[in-house]
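A look at the structure
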Amino acid sequence: MGREKIIEGSGLSYHYTVYDDEGRPAAKQTALDGVDLQVEKGQFIAILGHNGSGKSTLARHLNALLVPDGGTLYVNGYDTRNDTHVWEVRQSAGMVFQNPDNQIIASVVAEDVGFGPENMGVPTEKIWKRVEQALKMVGMWEERDASPNRLSGGQKQRVAIAGVIAMRPACIVLDEPTAMLDPAGRTEVIRTIRELNEQEKVTIILITHNMEETVYADRILVMDHGKVVMSGNAKEVFSRVEELEHLRLGVPQPALLAWKLKQKGLSLPDGILTMEELAEALEELRKNGQRGAVREL
Amino acid sequence: MLKEITLGQYYPGNSILHRLDPRVKLVGTLVFIISLFAFGSTSAYIAAGLVLAVVITLSAVPLKFILRGLKMIFFLMLITALCNLFLTPGDVIFKVWKLQITAQGVRMAIHMAVRLTYLILGSSIMTLTTTPNQLTDGMETGLGWMRVLHVPVHEIAMMMSIALRFIPILMDEANRIMNAQTARGADFTSGGLIRRARALIPLLVPLFVSAFRRANDLALAMESRGYHGGEGRTRMNPLVYQRRDHIAYGIIALYLVMIFLIWKYVEISLPFLP
Ligand SMILES: Nc1ncnc2c1ncn2[C@@H]1O[C@H](COP(=O)(O)OP(=O)(O)OP(=O)(O)O)[C@@H](O)[C@H]1O
Ligand SMILES: [Mg+2]
């Protein structure tokens, strides 16, 4: 049936040049090594990986902040290597970064959200319409006149997300948007992202360290040393506990617990991700007469 | 605590001056300052002083706030006045040892003090009734013609507004680093000037490093949001002249003519001014 592809990358590779003390190029650091990435419209993709595995490098490619050394990348149909389409690419794939402070440009919330549309040359009245719509989507319309300095980390990230939405991108790439937030801020940002994906059908690419945030994704990619080493839905990926641990990544708590229980001999089904699912499965077991086994544990 | 500091000392209000277009206020202040230097006579200063008093009244900003600006330049004023007083050659009216005061010196000192006071009061009124954002907007739109002179107006305005956004953040950070260093035994408050300056090094180094990282992040964020300079950019809050702004321009022009005429034709000699 072929749903519309927003991102088509194949065989992507990228090397950073490392300079010595005198500023001469000294070595090459491979950051991407043959990455294939296909994203369809409306999907929620999560990218996991240890520090230095190349996640941010990949994200920057999607926005044409970096261009691949090898392979090809099409964003919304535009070849990112083609200079003439740079602004179309940046508008197609909006970026949200890790540090909430360092990506808010204006000193009033509404003006910051308007920054992208201003750059695109959108007429004034339409900018305001977009700003209102975007701020309402992330639930920050009430704070439109506030100074960003007075907002919490989670609120700042939501403003940053609104700033990207106002550019009407085909997809949003979020590079560890919750890494600097407290638990409440994380929950609020992740909820916002999910709502955007489910209600507004915005395509999401979420880069994260945090396993819990990926369980709602349609597909999870796990990166290591610049390669995509695992790919599949949450159930598939998180049942490979040992491999993940080998990659120095954990699995969500409930999944880990389920896996450990299975190791002890309980016959739990595969692909348990949330506490609810675990509770349900255990209840099932209890009914089916494995009561003894459950109690024993 | 540091977040409470508002830059440019804006005093919120809804007076006619607050509502004026920032471009008008910029031009008005410029005209006022130029008039002070171009038309310097006792009569002109009295007239300018009256106008200033009217403007201050219209702004509805408490006098306390307006005078605060003067405190900062008190020493500068004192030194300029003293230099003028003692170093101007002319008819000596007072002499002790090698110091002499001339009539011209007294006149110069008073004029200079008045000029500086007016200058500070005039620009304070502008910054007190205009938010920093409006000010940068006004600069960018109002001084756009300076682009012909290769003045990067848009870039300067953008820089100013980014600086305004990051000053409280960096101040917060400085505070945090200072607390951390104090906790490890650093002492920022005692010792002589050199000692204190040296104590600042462990504060400034991490602050600079962080500022550079932030600048780098910000550049990426701006680029990713399609920023490519002022070219082809639209504005969310374009400045639009209202009727009152046209009237204000008229008044500014009238002021200029009036002050010129007074300077040229009206001679006032005050009894205490030689
Ligand atoms: N500007 C740079 N110059 C040289 N090497 C770099 C640069 N940026 C990243 N690298 C290297 O490229 C590799 C991939 O880095 P990248 O930032 O993409 O990883 P990441 O998965 O985002 O890590 P993290 O989880 O820490 O954000 C790392 O080995 C890193 O050291
Ligand atoms: Mg990263």
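Bear in mind the structure is a predicted one, so any value in this text is a computation, not a measurement.

Definitions and cut-offs
- Residues numbered from 1 in each chain as written.
- Chains lettered and ligands numbered in written order.
- Predicted model: local features only at pLDDT ≥ 70, side-chain atom pairs only at ≥ 80, totals over all residues.
- Heavy atoms only, no water.
- Phe/Tyr/Trp six-rings, centres within 6.5 Å; stacked < 30°, edge-to-face > 60°.
- Helix = DSSP H or I, 4+ residues; strand = E, 2+ residues; numbered from the N terminus.
- Lys NZ or Arg CZ within 6 Å of the ring centre and 35° of its normal.
- Domains from an automatic or database assignment.
- Contact = heavy atoms within 4.5 Å.
- Buried area = accessible area lost by both parts, 1.4 Å probe.
- Polar contact = N/O pair within 3.5 Å; in protein donor to acceptor, adjacent residues only side chain to side chain.
- Nonpolar A, V, L, I, M, F, W, Y, C, P; charged D, E, K, R; others polar.
- Salt bridge = Lys/Arg side-chain N within 4 Å of Asp/Glu carboxyl O.

1. Let's talk about the packing of aromatic side chains
All names here are of chain B. A full pass over the atoms with the stated rule returns 11 aromatic pairs over all chains. Seen in terms of ring centroids, Tyr11 and Phe65 are 4.8 Å apart; in terms of plane orientation they differ by 55 degrees. Their pairing is tilted. Placement of Tyr11 in the segment before helix 1 (16-19) and of Phe65 in helix 4 (residues 63-72) is noted, with a sequence separation of 54 residues between them. Here the aromatic rings of Tyr45 and Tyr118 are separated by 6.3 Å at their centres, their planes lie at 85 degrees, and the arrangement is edge-to-face. Linking Tyr45 in helix 3 (residues 42-59) with Tyr118 in helix 6 (residues 103-129), this pair joins segments that are 73 residues apart in sequence. The side chain of Arg23 reaches across the aromatic face of Tyr241, ending 3.8 Å from its centre. The ring of Phe166 has Arg165 sitting right over it, with the charged end atom 5.1 Å from the ring centre.

2. Observations concerning the domain arrangement of chain B
Interface size is commonly expressed as the accessible area that is lost once the parts come together. Residues and elements named next belong to chain B. For chain B, the assigned domains are domain 1 (1-130 + 241-274) and domain 2 (132-235). Domain 1 and domain 2 are separated by 31 Å when their C-alpha centres are compared. In this complex, domain 1 contributes 13 residues to the contact, which on the side of domain 2 involves 12 residues. For the pairing of domain 1 and domain 2, the buried interface totals around 1,200 Å² over both sides, and the portion due to carbon and sulfur atoms is 77%. Connecting domain 1 to domain 2 are zero residue pairs in polar contact (both at pLDDT 80 or more). The residue makeup of the side of domain 1 that touches domain 2, split by class, is eight nonpolar, three polar and two charged.

3. Quick notes on the side chain of Thr102 of chain B
You can see Thr102 of chain B is positioned in strand 2 (residues 99-102). Setting aside anything within four residues of it in sequence, one finds Thr102 of chain B in contact with Leu85, Thr88, Pro89, Gly90, Asp91, Val92 and Ile93 of chain B.

4. Topic: the interface of chain B and chain A
Counting residues at the interface gives 28 residues for chain B, matched by 37 residues for chain A. Contact between chain B and chain A buries roughly 3,100 Å² in total, counting both sides, with carbon and sulfur atoms accounting for 50%. On the surface where chain B and chain A come into contact, there are four salt bridges. For the interface between chain B and chain A, the tally reads 17 residue pairs in polar contact (both at pLDDT 80 or more). Only helix 8 (153-183) and helix 9 (193-224) of chain B provide two or more residues apiece to the side of chain B that touches chain A. If one sorts the elements of the side of chain B that touches chain A by residue count, helix 9 of chain B sits on top with eight residues. Looking at the side of chain B that touches chain A residue by residue, the classes come out as 12 nonpolar, seven polar and nine charged.

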